[in-house]
Amino acid sequence: MRPQEAAVAVTLDLHEGDLPEDITFAAGWLSDAGIRATFFIPSAMLSEGRYAARLRELQAGGHEVASHTHRHDMVESDALIHGGRRDLAFLETSRRLHEDFFGASPTSFRAPGWCALSGRALDELTRLGYSADSSATPQRLSVFGSTPFRGAWSLSPRRLHYLRHGLLEVPTSTAVVPAGSPTFLIFRRRLSLAFIRALLLEARLFPDRVVVVQFHPDDLNPASAQTAPCAARLTPGDFLLRRQGGFGFKHHLKDTDRGRIGETTQTLVRLLAACRCVTVCEVAREVQAASGGLGRQPRAREASAEAMP
């Protein structure tokens, strides 16, 4: 059987504290590389003047603007994990602010820190019209994550699958560790390239896989003035497992050279750009079309192959 072309979704998580110039640089660089990425944006950023013009530029570049909740804090994370309907009211607020700012409601969602989503949260996302979630990091070693006692995705499927009628899970590609910025900063260039190539091979062999990678805007900018990922000294406390933050020592393994980080990230993205690049919402639309508009996982391998040509 001839391997199919791998489908790739490049995603960027934005946060308050990002430098506006890094957002513009990342969006422009990706557009020049022929990639329409998915930017997950906390709606609280939309009211900040320093970000407004930069965020509106994203749509002009063909990128998808998606939801990263409202304030992207622990209160919202806790609500998504075990909160009631009233605790989840921020989801509707976030959607409304997003719609007012961009002129359309978001259709893709990612939880803060890839946290778990309760049944109530999934029901609310469905009610609000989301068609794709990208919060899962399947088979992640949660003990090394930022919330080590919330290993909710350890047994989650690594394939595309429906969480609710019409709500497709598009998981961040994961093989023990997620294909995201924290991993790439630790793996550096050679290991990161090997990791991405392995994920691309898997996606070519299995039609229900999409390579979904996660970055931050400053990762792409070699000249970013953003504070280095780790500047503090290593202490004995960094080897103790904490509820928030996990093991501190892992941050000391990250590359802190901005030029090298930018070069590594750009090399990874150039490798991905040779594939069929799609946004997260496009993945949801293609799978929806392949399932006959029923909003459920295609039953046959051929249906999945139609969704991911």
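What counts and how
- Residues numbered from 1 in each chain as written.
- Predicted model: local features only at pLDDT ≥ 70, side-chain atom pairs only at ≥ 80, totals over all residues.
- Heavy atoms only, no water.
- Helix = DSSP H or I, 4+ residues; strand = E, 2+ residues; numbered from the N terminus.
- Buried < 20%, exposed > 50% of the residue type's maximum accessible area, 1.4 Å probe, protein only.
- Contact = heavy atoms within 4.5 Å.
- Areas by Shrake-Rupley, 256 points an atom, 1.4 Å probe, with all protein chains shown as cover.
- Disulfide = S-S within 2.5 Å.
- Phe/Tyr/Trp six-rings, centres within 6.5 Å; stacked < 30°, edge-to-face > 60°.
- Lys NZ or Arg CZ within 6 Å of the ring centre and 35° of its normal.
- Polar contact = N/O pair within 3.5 Å; in protein donor to acceptor, adjacent residues only side chain to side chain.
- Salt bridge = Lys/Arg side-chain N within 4 Å of Asp/Glu carboxyl O.
- Patch = residues over 30% accessible without salt bridge, like charges linked within 9 Å, V, L, I, M, F, W, Y side chains within 5 Å.
- Core = buried A, V, L, I, M, F, W, Y, C linked by side-chain atoms within 4.5 Å.

**With respect to the overall build of the chain**
- Counting its regular elements, the chain contains 10 helices and 11 strands.
- Within the chain, the fraction of its 309 residues that count as buried is 54%.
- Put simply, of all contacts in the chain between residues at least 6 apart along the chain, 77% involve residues at least 24 apart.
- As displayed, the chain offers around 13,400 Å² of accessible surface, 55% of which is attributable to carbon and sulfur atoms.

**Considerations on the state of the cysteines**
- Enumeration over the complete set of coordinates arrives at 0 disulfides.
- You can see Cys277 has no disulfide; the closest cysteine sulfur is in Cys275, sitting 6.5 Å from it.

**A few points about the packing of aromatic side chains**
- Evaluated as defined, the whole model comprises 4 aromatic pairs.
- With a centroid separation of 4.7 Å and 80° between ring planes, the pair formed by Phe101 and Phe102 is classed as edge-to-face.
- The ring of Phe101 has Arg56 sitting right over it, with the charged end atom 4.0 Å from the ring centre.
- The ring of Phe206 carries Arg209 above its face, with NZ or CZ at 5.3 Å from the centroid.

**A word on the environment of Thr267**
- Along the chain, the position of Thr267 falls in helix α8 (residues 258-273).
- Sequence spacing of Thr267 and Arg189 is 78 residues, and the spatial spacing of their C-alpha atoms is 8.2 Å.
- A distance of 2.8 Å separates the side chain of Thr267 from the backbone oxygen of Glu263, its partner in a polar contact.

**As for the pattern of salt bridges**
- If you walk through the whole model with that rule in mind, you get 14 salt bridges.
- Arg164 is the salt-bridge partner of Asp123, the closest N and O atoms lying 2.7 Å from each other. Taken together, the residues span a long stretch of sequence, with Asp123 in helix α5 (residues 119-127) and Arg164 in strand β6 (residues 161-164) at a distance of 41 residues.
- What makes Asp123 partly exposed here is its relative accessible area of 42%.
- Residue class for Arg164 comes out partly exposed when judged on its relative accessible area of 28%.
- With a closest N to O distance of 3.0 Å, Arg276 and Glu286 form a salt bridge. Of this pair, Arg276 sits in strand β11 (residues 276-277) while Glu286 sits in helix α9 (residues 280-290), placing them 10 residues apart in sequence.
- Among the ionic contacts, a cluster of salt bridges with common partners joins Arg85, Glu92, Glu124 and Arg127.

**Overview of the environment of Asp32**
- Assignment of secondary structure puts Asp32 in helix α1 (residues 20-32).
- Classification of Asp32 by relative accessible area gives exposed; the value is 73%.

**So, a nonpolar patch on the surface**
- A cluster of nonpolar residues, Leu201, Leu205 and Phe206, forms a patch on the protein surface that exposes about 250 Å² of accessible area.
- Within the fold, Leu205 resides in helix α6 (residues 181-205).
- Judged by relative accessible area, Leu205 falls into the partly exposed class, the value being 34%.

**Let's talk about the nonpolar core**
- If you look at the biggest cluster of nonpolar residues, it comprises 40 residues, and the most contacted ones within it are Val10, Leu12, Leu30, Phe39, Ile41 and Leu55.
- Mapped by element, the contributors of at least two residues to this core are β1 (7-13), α1, β2 (38-41), α2 (49-60), α4 (89-102), α6, β10 (211-215) and α8.
- Broken down by element, the residue count for this core peaks at 7 residues, all from α6.
- Once residues within four sequence positions are removed from consideration, Leu55 is found in contact with Leu14, Ile23, Ile41, Met45, Leu46, Phe101 and Phe102.
- In terms of nonpolar packing, the next biggest core, distinct from the first, is built from 17 residues, Phe109, Ala111, Cys115 and Leu125 among them.

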